Amino acid sequence: MSQQTPNYTFALIVVFIVCFLIGFITTMNNSMIAFCSEAFNLSAQQGQYVNSAFYGAYLLAIPFSLLMSKIGYKGTLILGLAVAGIGFVINSLGISAAISASANVYAVFLSSMCLVAMGVVMLQNVANPYVMVLGRPEKGAFRMTLSQALNSVATTVAPIFITSVILAGETPAPELVPAPFMGLGIFTLLICLILVFMKLPKIDEGAQSKEYNQHPAEKSSVFAYPHVWLGAVAIFMYMGVEIGVPSMLPYRFQKLGIDSSDVVTSYLAFYWGGMMVGRFVGAGILTKFKPRVLLSSCVSLGALCILMSLFFADSMFGIWLMLAAGLFHSVMWPLIFNLGLMHLGRHTKAASGIINTGVIGAAVLMPIMGAVVDFTGVIIAMCVMFVYYAYIFWFCNWGSNIGLSDRK
């Protein structure tokens, strides 16, 4: 007789809460670009250093995944929350001290957010594979898309947090940051403390693979699976798509003669809101359609939205088309991850770190796009996004199958 499927409901709820926190912190950081650009009088390229400082921490994704193999999912969750919370507290105290000493406040902000990002990387490393293994493999894409839908609820709230809590009707200035960031730090550390006393199930991915009649990983190392590395590149490219829209939005508004961080940040809520709706709808669609079909369709429609927005570059209609791309960007992350983590068995944890390394795409691609804005304008910069779309489409339909066709 087959064993009864374990009840992973409580563990999934914990991971969904963590996904919410990841989404909130990540989007809040990106939403600070317009704030920092105005507060520190930055060029487009300098403003994108907010992305570099945050997403550059994903270079540590592989070392952190090796650490996760040692201390497990729960240990990594606790450590990640602790590091992120401490990073917020240091940011708050550091900015206050830098203002008092007339030091470089922007440098303090960037370095502190890099520490916050290290905690987020640990949480990201846990969230994706943990959601995949907390249930039957064939429902992995559904669970991951649902978790990202809750992540998107947070991404919708984050810009509102910037405008209503940090800005609160004031002109952007460094003095507005310390108090809200201290609150975020304390909140994150409280979640960390609560998690210490919770019990979460331990997962043996290799045994689970056999239990669900999947072929266990036959190769000796995760580094021998091409689809994992190609998945990391797909995430690298995806970051140029997901973060490209909100990062380029301030410059699209400037093209219309609107140069207000408050206005730009308020419109970001529509983009992240579209991603939230898209992920909830996508989770439903995945009950009837295969992940590759949905991902291919969304890549094509997202690229079409961006293309059409360029034809209406001098009107608000172009802005709305740009924001509408969020509906189709919504499911790309979970589906790319799902394809990259397929059929890995005991190598799942390590693979998560490799694929998460691709998030540095936001740290690399955004300053490049910012430089293109400075030298040629935002329209040319956005044309670069079609390279990202093309690679994701290739990975979905061909790259994600490389090295898997020989499975017995």
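Everything here concerns the structure above.
Structural notes, computed from the coordinates.

Analysis parameters
Residues numbered from 1 in each chain as written. Predicted model: local features only at pLDDT ≥ 70, side-chain atom pairs only at ≥ 80, totals over all residues. Heavy atoms only, no water. Helix = DSSP H or I, 4+ residues; strand = E, 2+ residues; numbered from the N terminus. Rg over C-alpha atoms; globule rule 2.2 N^0.38 Å. Contact = heavy atoms within 4.5 Å. Areas by Shrake-Rupley, 256 points an atom, 1.4 Å probe, with all protein chains shown as cover. Lys, Arg positive; Asp, Glu negative; His and termini not counted. Charge placed at Lys NZ, Arg CZ, Asp CG, Glu CD. Polar contact = N/O pair within 3.5 Å; in protein donor to acceptor, adjacent residues only side chain to side chain. Expected span 1.5 Å × (residues − 1). Buried < 20%, exposed > 50% of the residue type's maximum accessible area, 1.4 Å probe, protein only. Salt bridge = Lys/Arg side-chain N within 4 Å of Asp/Glu carboxyl O. Phe/Tyr/Trp six-rings, centres within 6.5 Å; stacked < 30°, edge-to-face > 60°. Patch = residues over 30% accessible without salt bridge, like charges linked within 9 Å, V, L, I, M, F, W, Y side chains within 5 Å.

Points about the overall build of the protein
Helix and strand counts for the protein stand at 18 helices and 0 strands. The globule rule puts the C-alpha radius of gyration for 408 residues at 22 Å, and the 21 Å found for the protein is close to it. Restricting to contacts in the protein with at least 6 residues of sequence separation, those with at least 24 account for 85%. Taken as a whole, the protein presents about 15,800 Å² of accessible surface, with 68% of it coming from carbon and sulfur. Mean positive and mean negative side-chain charge positions of the protein (19 and 14 charges, respectively) differ by 18 Å.

Topic: the side chain of Ser147
By the element assignment, Ser147 lies in helix α6 (residues 140–167). Polar contacts involving the side chain of Ser147 include one to the main-chain carbonyl oxygen of Met144, which spans 2.7 Å. Not counting chain neighbours up to four residues away, the residues in contact with Ser147 comprise Phe16, Cys19 and Val131.

Topic: helix α5 (residues 105–133)
In an α-helix, one turn spans 3.6 residues; hence positions three or four apart end up facing the same way. Taking 1.5 Å of rise per residue, 29 residues should cover 42 Å, and α5 covers 43 Å from first to last C-alpha, within 8% of that figure. Taken across its 29 residues, α5 has 23 buried, putting it largely inside the fold. Just downstream of α5 lies Gly135, where phi reads positive at about 145 degrees.

Considerations on helix α14 (residues 332–340)
Of all 9 residues in α14, 9 are buried; the element is thus mostly enclosed. Residues of α14 that are buried include every one of Met332, Trp333, Pro334, Leu335, Ile336, Phe337, Asn338, Leu339 and Gly340, and no others.

Describing the pattern of salt bridges
Applying the stated criterion to the full structure yields 1 salt bridge. Of the charged contacts in the structure, one is a salt bridge between Lys255 and Asp314, with a shortest N-O distance of 3.9 Å. Taken together, the residues Lys255 in helix α10 (residues 244–255) and Asp314 in the loop between α12 (291–311) and α13 (316–329) connect sequence positions 59 residues apart.

A few points about the packing of aromatic side chains
Two aromatic rings, taken as a pair, are described by how far apart their centres are and by the angle between their planes. In the structure shown here, the tally under the stated rule is 18 aromatic pairs. Judged by centre distance (4.9 Å) and plane angle (70 degrees), the ring pair of Tyr271 and Trp272 falls under edge-to-face. This pair shows no difference in class: Tyr271 is buried, exactly as Trp272 is. Ring pairs connect the aromatic residues Phe253, Tyr267, Phe270 and Trp320, which therefore count as one cluster.

A look at a nonpolar patch on the surface
Among the surface-exposed residues, Leu301, Leu304, Leu307, Met308, Phe311, Phe312 and Phe317 lie close enough to one another that they form a single nonpolar patch of about 650 Å² accessible area. Sorting elements by how many residues they give to the nonpolar patch places α12 first, with 5 residues.

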